[in-house]
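Working through the structure, step by step
Listed below are the residues making up each chain.
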Amino acid sequence: MRDALCPRPIVLACRSVLTTLFAAAAMLLTLALPTFPDGLTIPIVGFLGLVMLAGLGGFVRSSAARAELALLAPWLVALGLSLMVGIFRGNSLAQALEDALPYVLFAMGLCAGRGAARPRWVLAAVLVVCLTDGMISLVRMPSFDLGRLRSTYYHFKVIAGHALVGVYCAAFLYRQVGSKFQRWALTAAQGVLVLSVIATVSRGMVLGLVLGLLTALYVRRPARGLLVGGLAGLLVVLFTASAFDLGAQYLRLGNQATVDGRVREIGLCLEYFTRMPVFGAGLGADFVVDGFVVSYVHNMLAYHLWKFGLVGSALFAMPLWGLTRQALRAPKLLRATVLGGAASVLVYLVTAASYKSYFLVPMVGMVVGASLRMLFEAAALPAAAKAPTVPA
């Protein structure tokens, strides 16, 4: 009777999209989450639960997701070593667990995206979230006098940098759709997101956007990419005074107060690294700068050298080569989009503290996983077309 009411194909179809639904729901829930959590709330617990369910679902249903997780095995070794170092040095266990959380969330996001039956839904949900936050930040600005105002003053959440992730999602999905209306909508979304990045007046975010675009252009057409990059550099040299005036007005290049604090914290961070260069200070480490106790710095590379040392940092870098190799197998246009998006987000993470964001990290993991799944499907189509047919 039960089989008659709920046929097996329908049951299997429902099970196959559960991972996708959990992942998309987690991403949409980020619209209700604060930028910086003040303790665990019901929305935050619900978000973390959905990420874990999506990650476990992807791990169970997809051998490819399990392979991606195995690729991150060096991270587990690095976290274990750093935890032992932190315990030996007497670091806070609670802070150590907080330090380890982003890596767990990225791994769960990667499994969720790689194991999703409908990866486009996941990327679409991420795009909706990024576009919504970007539009809110622009609408709330009383004017677009970017010499005095920043969109982050009125919607601070955009400082996490997920607008760059949205730019990538729009560009990647543009290569996957055939409808003119869909392409027009994705182009418009990309334009709004680029404008929202500019309105943040964030040096790191703007730099990430520019370098991401140049990377994509170079991978797609190397000669043109080198030509554009060379011309841009030449213009900066020829018009140095004007470029500095523009930077001082728009990017606050002449305002030392905005960078001195970060320079001091990164300098102290690297100073601690030189004292413990092999294994670092361990998970849970912190130090005092300008009277404040900090457990992270606004530079991802300096952070990893400080807490994990040379050994741990090398272990964390190892899976990046495996992920890059998968991206290099993609068709040329998709490969350019993927590598450009990766460069854009990585550049911003190096110059900011968003690598500790509890909602951005799993978002990036899901986008990476969903993109890899779609790249695999795109690469499989030409192979299937070339395969010889067996006559009946």
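Residues numbered from 1 in each chain as written. Predicted model: local features only at pLDDT ≥ 70, side-chain atom pairs only at ≥ 80, totals over all residues. Heavy atoms only, no water.

Of regular secondary structure, the protein chain possesses 16 helices and two strands. Considering only intrachain contacts with a sequence separation of at least 6, the fraction spanning at least 24 residues in the protein chain is 79%. When the accessible surface of the protein chain is totalled, it reaches about 19,900 Å², and 71% of it is carbon and sulfur. (Helix = DSSP H or I, 4+ residues; strand = E, 2+ residues; numbered from the N terminus. Contact = heavy atoms within 4.5 Å. Areas by Shrake-Rupley, 256 points an atom, 1.4 Å probe, with all protein chains shown as cover.)

Where helix H3 (residues 42-61) meets helix H6 (residues 93-115), the closest approach of the two axes is 7 Å, and the angle between their N-to-C directions is 50°. Our classification of the angle between H3 and H6 gives oblique. Judged by the twist between their axes, the crossing of H3 over H6 is left-handed. Within the contact between the two elements, H3 uses Leu 48, Val 51, Met 52, Ala 54, Gly 55, Leu 56, Gly 58, Phe 59 and Arg 61 and H6 uses Val 104, Leu 105, Met 108, Cys 111, Ala 112 and Gly 115. Taken together, the residues of the contact of H3 with H6 sort by class into 11 nonpolar, three polar and one charged. (Axes fitted to C-alpha atoms, helices over the stretch in contact; angles between N-to-C directions. Parallel < 35°, antiparallel > 145°, perpendicular 65-115°, else oblique. Left-handed = near helix turned anticlockwise from the far one by under 90°. Nonpolar A, V, L, I, M, F, W, Y, C, P; charged D, E, K, R; others polar.)

A word on the packing of aromatic side chains. Applying the stated criterion across every chain yields a total of 16 aromatic pairs. Ring centres of Phe 181 and Trp 184 lie 6.4 Å apart, and the angle between their planes is 25°; this geometry places the pair in the stacked category. Pair noted here: Phe 181 and Trp 184 are both in helix H9 (residues 180-199), with a separation of three residues, about one helical turn. The burial state of Phe 181 is the same as that of Trp 184; both residues are exposed. Look at Tyr 272 and Phe 287: their rings are 5.4 Å apart centre to centre, the planes differ by 40°, and that puts the pair in the tilted class. With a gap of 15 residues between them, Tyr 272 in helix H13 (residues 257-275) and Phe 287 in strand E1 (residues 287-289) connect regions that are remote in the sequence. Ring pairing ties together the aromatic residues Trp 75, Tyr 103, Phe 106, Phe 308 and Phe 316, which thus form one cluster. Across the ring face of Trp 121, the terminal group of Arg 118 is positioned such that the distance to the ring centre comes to 5.8 Å. When the ring centre of Phe 359 is taken as origin, the NZ or CZ atom of Lys 157, which lies over that ring, is 5.2 Å away. (Phe/Tyr/Trp six-rings, centres within 6.5 Å; stacked < 30°, edge-to-face > 60°. Buried < 20%, exposed > 50% of the residue type's maximum accessible area, 1.4 Å probe, protein only. Lys NZ or Arg CZ within 6 Å of the ring centre and 35° of its normal.)

A grouping of Leu 83, Ile 87, Leu 93 and Leu 97 is seen on the molecular surface, where their side chains present a nonpolar patch of about 390 Å² in accessible area. If you list the elements that add at least two residues to the nonpolar patch, you get helix H5 (73-89) and H6. If you trace the backbone, Leu 93 turns up in helix H6. (Patch = residues over 30% accessible without salt bridge, like charges linked within 9 Å, V, L, I, M, F, W, Y side chains within 5 Å. Salt bridge = Lys/Arg side-chain N within 4 Å of Asp/Glu carboxyl O.)

Taking 1.5 Å per residue as the helical rise, helix H7 (residues 119-139) with its 21 residues ought to reach 30 Å, and the 30 Å between its terminal C-alpha atoms agrees with that figure. Listed as buried for H7 are Pro 119, Val 122, Leu 123, Ala 125, Val 126, Leu 127, Val 129, Cys 130, Asp 133, Gly 134, Ser 137 and Leu 138. (Expected span 1.5 Å × (residues − 1).)

The subject of this paragraph is the nonpolar core. Core analysis: the largest hydrophobic core is formed by 92 residues, its most contacted members being Phe 47 and Val 165. Ranked by residue count, the leading element in this core is helix H16 (residues 360-386), at 11 residues. (Core = buried A, V, L, I, M, F, W, Y, C linked by side-chain atoms within 4.5 Å.)

Right, let's talk about the environment of Leu 270 for a bit. Along the chain, the position of Leu 270 falls in helix H13. Separated by 33 residues in sequence, Leu 270 and Tyr 303 have C-alpha atoms that sit 8.4 Å apart. Filtering out sequence-adjacent residues up to four positions away, Leu 270 remains in contact with Ala 302 and Leu 305.

Turning to the pattern of salt bridges, a few remarks are in order. Counted according to the given criterion, the structure contains four salt bridges. The shortest N-O distance in the salt bridge between Asp 99 and Lys 307 comes to 2.5 Å. Of the two residues, Asp 99 sits in helix H6 while Lys 307 sits in helix H14 (residues 300-328), which places them 208 residues apart along the sequence. Of the two residues, Asp 99 and Lys 307, neither departs from the other in class, the shared state being buried. The closest approach of N and O atoms between Arg 275 and Glu 271, which form a salt bridge, is 2.8 Å. Of this pair, Arg 275 and Glu 271 both sit in helix H13, separated by four residues, roughly a single helical turn.

Taken together, the side chains of Arg 175, Arg 183, Arg 220, Arg 221 and Lys 332 make up a positively charged region of the molecular surface. Mapped onto the secondary structure, Arg 175 falls in the loop between helix H8 (162-174) and H9. (Lys, Arg positive; Asp, Glu negative; His and termini not counted. Charge placed at Lys NZ, Arg CZ, Asp CG, Glu CD.)

Note that Pro 119 resides in helix H7. The buried category is assigned to Pro 119, whose relative accessible area is 5%. Along the primary structure Pro 119 and Val 17 are separated by 102 residues, whereas in three dimensions their C-alpha atoms are 9.9 Å apart.

Next up on the list: unusual backbone geometry. Note on backbone geometry: most residues besides glycine have negative phi, and most peptide bonds are trans. Phi at Val 201 takes a positive value of approximately 55°, unusual for a residue other than glycine. Tracing the backbone through its elements, the reader meets Val 201 in the loop between H9 and helix H10 (203-220). Assessed through its relative accessible area of 1%, Val 201 is described here as buried.

Keep in mind these values describe shape, not function.
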